[in-house]
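Now for the letters of each chain:
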Amino acid sequence: MRSRRARAAATWIGLAVTLVLAYFAVRGVQAGEVWDAIRESNPWWLLPAFAAFAAAIFLRAYRWQLLFVPALRPPLGVVWKAVLVGYFFNSVLPARAGEVARVVYLNRRAAASHAQSAATVVLERSYDVLTLLLLFFVALPWLPEVSWVQAAGVLGIAVAAGLLVAGAAALRWRGRPVRALMRPFVRRGLVSRERVDESVELLKHGLAGITRPGTAAGVALWTTASWIALSLSNWLLMLGFDLGLSPVAGLLVSVAVGVAMVLPASPAALGAFEAATVVALDAYGVPRSEALSYALVLHALNLVPFLVAGPIALRAGTGRVALREVR
């Protein structure tokens, strides 16, 4: 009952945030001007923008695979499909339900442990936020003045501190807190000690992205590459709207949207995506109508492919494949 109430509360909060941000995105904007800007844009720039976007998503799939220890690493093809499934469910369901969906998909297709996969998903999101903010601060000398630099810095420090604490705890206590929490269930016979020990070991494997320096370096590298590719996609679409901005503007849009994704929102981040993009382009003095027209097309570019590819990946997800053994 409590979990149902919590989900309902999260849904309503997300809806409220969406309505507020959507109002901010469309405030003072003439619908006719937005449509004119879309109609006058060059649609051919969608092709290279989509190519860069697809490359970014593939790099993220490869990055996720690297977060698994070699002996328990699922095949890249299955991980790629799981990523598509996850983005699809994030697009149609609230509360980022796609994160759970891809963990379940990976378990059914590659027998990957729920505990291990969930740990890698949490690490993924932490790496995403931290790497994006690091790129943002590196690019600050070439960016226009933005009012939310301090907030981005606080968020980056919080994520970095969380990763350090999680890594230190994983190395220092080696799963003892989890065993302590599960002890009452073991005593009552609700779960076996062997099952708890197995889950703890798999959870520790899922934290390899912060406990193994080589893995952490590789994940950081590919995370950076994925954000650069996504920012390139944003900028290529800007060329279609003839906004006259430098490639760094694509990074600022990525940062604004990435920070906005931390907020609870409706499926596909409707409203939040548009508001974040309008805020990023406002720093360059882009008129709100042009900024919103660009935001709507960019959102479609980031959404429609998953609405098509997600169901295809789901239909292909029958049967199981063995985990890849790498010695």
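Since the structure is predicted, the reported quantities are computational estimates derived from the model, not experimental observations.

1. Here's the deal with the side chain of Arg60
1) Next: Looking at the element boundaries, Arg60 is found in helix H3 (residues 46-66).
2) Next: One buried charged residue, Arg60, remains without a salt bridge, the closest side chain of opposite sign being Asp128 at 4.5 Å.
3) Next: Leave out the neighbours within four places in its chain, and Arg60 touches Tyr87, Glu124, Asp128, Ser226, Trp227 and Leu230.

2. So, the nonpolar core
As a rule of thumb, nonpolar side chains are buried together in soluble globular proteins.
1) Next: The biggest cluster of nonpolar side chains holds 73 residues, and the ones touching the most others in it are Trp64, Leu106, Met238, Leu243, Leu281 and Tyr294.
2) Next: Elements that contribute at least two residues to this core include exactly H3, helix H4 (76-92), helix H5 (98-110), helix H6 (114-138), helix H11 (213-240), helix H12 (247-260), helix H13 (272-282) and helix H14 (288-316).
3) Next: With residues up to four places along the chain from it excluded, the contact list for Leu106 reads Trp64, Phe68, Pro74, Val78, Val79, Ala82, Ala111, Ala112 and Ser117.

3. Quick word on H5
An α-helix turns once every 3.6 residues. As a result, residues three or four positions apart point the same way.
1) Next: The end-to-end C-alpha distance of H5, which contains 13 residues, comes to 18 Å, matching closely the 18 Å that a straight helix rising 1.5 Å per residue would cover.
2) Next: Burial of H5 is extensive: 10 of the 13 residues sit out of reach of the surface.
3) Next: Buried residues of H5: Gly98, Glu99, Ala101, Arg102, Val103, Tyr105, Leu106, Asn107, Arg109 and Ala110, and no others.
4) Next: Turning to H5, the residues buried within the fold contact H3, H4, H6 and H14.
5) Next: Backbone geometry just downstream of H5 places Ala111 in the positive-phi region, at approximately 55 degrees.

4. Considering the packing of H3 against H11
1) Next: Where H3 meets H11, the closest approach of the two axes is 8 Å, and the angle between their N-to-C directions is 165 degrees. Compared by their axis directions, H3 and H11 come out roughly antiparallel. H3 and H11 meet at a crossing whose hand is left-handed.
2) Next: Of the residues that constitute the contact of H3 with H11, the class distribution is 18 nonpolar, 5 polar and 2 charged.

About the cut-offs
Residues numbered from 1 in each chain as written. Predicted model: local features only at pLDDT ≥ 70, side-chain atom pairs only at ≥ 80, totals over all residues. Heavy atoms only, no water. Helix = DSSP H or I, 4+ residues; strand = E, 2+ residues; numbered from the N terminus. Buried < 20%, exposed > 50% of the residue type's maximum accessible area, 1.4 Å probe, protein only. Lys, Arg positive; Asp, Glu negative; His and termini not counted. Salt bridge = Lys/Arg side-chain N within 4 Å of Asp/Glu carboxyl O. Contact = heavy atoms within 4.5 Å. Core = buried A, V, L, I, M, F, W, Y, C linked by side-chain atoms within 4.5 Å. Expected span 1.5 Å × (residues − 1). Axes fitted to C-alpha atoms, helices over the stretch in contact; angles between N-to-C directions. Parallel < 35°, antiparallel > 145°, perpendicular 65-115°, else oblique. Left-handed = near helix turned anticlockwise from the far one by under 90°. Nonpolar A, V, L, I, M, F, W, Y, C, P; charged D, E, K, R; others polar.

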